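Residue strings, one per chain:
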Amino acid sequence: MFIAKAPERSYWECEWTFSKTETKISIDLPGDENGPFPESRQFYLGLPGRFEQILATARPQLQEVFVRWFEQELPEDIFTVVKLAGFGLEDARRQPVHWDVSFETTGDLWLSITIPFIGDTPQQATVDT
């Protein structure tokens, strides 16, 4: 996706079979017309090794969403109620890295839940219905 007015914000969109869930997810990799930046690739290739830590760190934000929207606790196995939808990345060359992880609920009420991160610190989750 070339952004003519801000070429430095251009990125590549793709589907990736994420090894930890064996599901296809959406990702976007900052890059230019030559392809994704090496730092973008490195960031994504490091995610499977950090996935358990990411889930543990994101869990309190998911818990807040479930209490607010479903009036229930988040189950121990979150994948009984959500699926991993994707990851987003702003620019892996800048520190701290700004990125996000997204989930979609699997029950009767569909929600898209995105948890932004600055470095390894989760921010407030956003919910789309």
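It should be noted that the structure appears before, not after, this text.
Residues numbered from 1 in each chain as written. Predicted model: local features only at pLDDT ≥ 70, side-chain atom pairs only at ≥ 80, totals over all residues. Heavy atoms only, no water.

## Here we look at the pattern of salt bridges
This is how the line gets drawn: In the sections that follow, a salt bridge refers to a side-chain nitrogen of Lys or Arg positioned within 4 Å of a carboxyl oxygen of Asp or Glu. Numbered from the N terminus, helices here are DSSP runs of H or I no shorter than four residues, and strands are runs of E no shorter than two. Think of it in three bands: with a 1.4 Å probe and only protein chains considered, a residue is buried below 20% of the maximum accessible area for its type, exposed above 50%, and partly exposed in between.
What the rule picks out here adds up to five salt bridges. In this structure, K20 engages E52 in a salt bridge whose closest nitrogen and oxygen atoms are separated by 3.8 Å. One end of the pair, K20, is in the loop between β1 (11-18) and β2 (23-32); the other, E52, is in helix α1 (residues 38-70), and 32 residues separate them in sequence. Look at E52 and you get partly exposed, because its relative accessible area is 48%. A salt bridge links E104 to K83, with the shortest nitrogen-to-oxygen separation between them at 3.7 Å. Here E104 is found in strand β5 (residues 98-105), whereas its partner K83 is found in strand β4 (residues 82-89), with 21 residues between them in sequence. E104 gets classed as partly exposed once you look at its relative accessible area, which sits at 22%. Taken together, the shared-partner salt bridges connect D91, R93 and R94 into one network.

## Remarks on the environment of T114
Stated precisely, the cut-off is as follows: The contact rule is simple, with two residues in contact once any of their heavy atoms fall within 4.5 Å. For this analysis, a polar contact is any N or O atom pair within 3.5 Å, provided that within protein one partner can donate a hydrogen and the other can accept it, and provided that sequence-adjacent residues contribute only side-chain to side-chain pairs.
As for its placement among the helices and strands, T114 is situated in strand β6 (residues 112-118). Discounting chain neighbours no more than four positions away, the residues touching T114 are D100, V101, S102, Q124, A125 and T126. In this structure the side chain of T114 is engaged in a polar contact, spanning 3.2 Å, whose partner is the side chain of S102.

## Describing the packing of aromatic side chains
Here a ring pair, both rings aromatic, is described through the centre-centre distance and the interplanar angle of the planes. Heads up, the rule is: Stacked, tilted and edge-to-face pairs are distinguished by plane angle, under 30 degrees for stacked and over 60 for edge-to-face with tilted covering the rest, among Phe, Tyr and Trp rings (Trp via its six-membered ring) whose centres lie within 6.5 Å.
By the definition in use, this model includes 10 aromatic pairs. With a centroid separation of 5.0 Å and an interplanar angle of 65 degrees, the aromatic rings of F18 and F51 are classed as edge-to-face. Of this pair, F18 sits in strand β1 while F51 is found in helix α1, placing the two residues 33 residues apart along the sequence. Overall, the relative accessible area of 3% leaves F51 in the buried class.

## Some points on the environment of P38
The topology assignment puts P38 in helix α1. For P38, a relative accessible area of 59% puts it in the exposed group. When the C-alpha positions of P38 and I115 are compared, they lie 24 Å apart, and in sequence the two are 77 residues distant.

## Looking at unusual backbone geometry
Cis geometry is found at the peptide bond from Q95 to P96, where omega equals -5 degrees. Along the polypeptide, P96 turns up in the loop between β4 and β5. Positioned with a positive phi, E22 is a non-glycine residue whose angle comes to about 55 degrees. Relative to the assigned elements, E22 resides in the loop between β1 and β2. Although it is not a glycine, E71 sits at a positive phi angle of roughly 55 degrees. Counting through the fold element by element, E71 comes out in the loop between α1 and β4.

These figures capture arrangement, not role.
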